[in-house]
Amino acid sequence: MTQDQLKALVGQAALAYVQPGTVVGVGTGSTVNHFIQALGAMKERIAGAVSSSEESSRRLRALGIEVLDSNRVERIAVYIDGADEIDGQGHMIKGGGGALTREKIVADLADRFVCIADESKRVDRLGAYPLPVEVIPMAVAQVARRLAGLGAQAKPRAGFITDNGGHLLDAHGLSITDPLALECEINQWPGVVTVGIFARHKASVCLLGTTRGVQTLQF
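Residues numbered from 1 in each chain as written. Predicted model: local features only at pLDDT ≥ 70, side-chain atom pairs only at ≥ 80, totals over all residues. Heavy atoms only, no water.

Asker: I tried to follow the pairing of strand 12 (residues 205-210) on my own but got confused; where do I start?
Answerer: Every regular strand shows the same layout, with side chains that alternate between the two sheet faces. Across the 6 residues that make up strand 12, a large majority, 6, are buried. Two elements, strand 6 (residues 113-118) and strand 12, share 5 bridges in a ladder whose sense is parallel. If you follow I116 over to strand 12, its bridge partner there is L207. Bridging between strand 12 and strand 13 (residues 213-218) involves 6 bridges; their strand directions are antiparallel. Considered in strand 13, the bridge of L207 is made with T216. Hairpin connection from strand 12 to strand 13: 2 residues lie between these consecutive antiparallel strands. (Buried < 20%, exposed > 50% of the residue type's maximum accessible area, 1.4 Å probe, protein only. Helix = DSSP H or I, 4+ residues; strand = E, 2+ residues; numbered from the N terminus. Pairing = 2+ DSSP bridges.)

Structure representation (structure tokens):
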């Protein structure tokens, strides 16, 4: 199977976690796009979606799925999203598509986080994938220096502005041995909107697309 076929496989499998009559949390990215397409087949059975990006919102609306303002929703039963990396405890690096802040907000509303990914995203230790950090513009240089102090080489993502008007730094060269501690550390730096470590909001389940089919990992 191609990588795209594996993504389609887990996108379809994620429908089993969508509870009829509820609001669904929908993430961002190429794997989630397959889930959104699959979700269109059961749009009459859900109460709408809370989306983590303008791009996903456009795709949902194009299928006739109502996109709700997160401020109108107290909780959602399940959040379906991908990952750039996921380890054996359900900790993730996210934000390759630049939607990490809104993704974390939607994850915080959810009772359950279901990660959908192909098997290339499964790692023993986070950090091979560059760690995204969203910052306000005046803090870019300062946060880059602080990341350098951790041993990372932080590069601004050229020409990219998030849906929130923030800038992104991609931190290369980290080996993340304690995801929760590093998430808490970076998040408290002045000027950081959020860091793309999802340890406080880790996955409950991962549907991993493999050449042998969908593997379900529970955390």
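Asker: Would you mind going over the packing of aromatic side chains with me for this structure?
Answerer: Think of a pair of aromatic rings as described by two things: how far the centres are apart, and how the planes are tilted against each other in angle. Taken as a whole, this structure holds 1 aromatic pair when the rule is applied. Judged by centre distance (4.9 Å) and plane angle (70 degrees), the rings of Y79 and F113 are edge-to-face. Of the two residues, Y79 sits in strand 3 (residues 78-81) while F113 sits in strand 6, which places them 34 residues apart along the sequence. Among the residues examined, Y79 registers a relative accessible area of 0% and is labelled buried. Residue F113 is classed as buried on the basis of its relative accessible area of 4%. The ring of F198 carries K104 above its face, with NZ or CZ at 4.8 Å from the centroid. (Phe/Tyr/Trp six-rings, centres within 6.5 Å; stacked < 30°, edge-to-face > 60°. Lys NZ or Arg CZ within 6 Å of the ring centre and 35° of its normal.)

Asker: Where do I start with empty space enclosed by the protein in this structure?
Answerer: In this approach the atoms are scanned with a rolling probe the size of a water molecule, which exposes any empty space left behind. Under the criterion given, the structure shown has 1 cavity of 30 Å³ or more. Put simply, the largest cavity is a space of about 30 Å³. Forming the walls of the largest cavity are S52, S53, G98, A99, R102, T162, D163 and N164. Looking at the lining of the largest cavity residue by residue, the classes come out as 1 nonpolar, 5 polar and 2 charged. (1 Å grid on protein atoms, 1.4 Å probe; cavity = no way out; pocket = protein on both sides within 12 Å on 5 of 7 lines; lining within 4 Å. Points joined across faces, edges and corners; volume = space filled by probe spheres on them. Nonpolar A, V, L, I, M, F, W, Y, C, P; charged D, E, K, R; others polar.)

Asker: What is the right way to look at the packing of helix 2 (residues 30-39) against helix 3 (residues 54-62) in this model?
Answerer: Helix packing for two helices is described by the angle between their axes and how far apart those axes are. Packing of helix 2 against helix 3 leaves a shortest axis separation of 9 Å and a crossing angle of 20 degrees. Between helix 2 and helix 3, the crossing angle belongs to the class labelled roughly parallel. As for the relative orientation of helix 2 and helix 3, their crossing is right-handed in sense. Contacts between helix 2 and helix 3 involve N33, I36 and L39 from the former and S56, R59 and L60 from the latter. Partitioned by chemical class, the residues of the contact of helix 2 with helix 3 number 3 nonpolar, 2 polar and 1 charged. (Axes fitted to C-alpha atoms, helices over the stretch in contact; angles between N-to-C directions. Parallel < 35°, antiparallel > 145°, perpendicular 65-115°, else oblique. Left-handed = near helix turned anticlockwise from the far one by under 90°. Contact = heavy atoms within 4.5 Å.)

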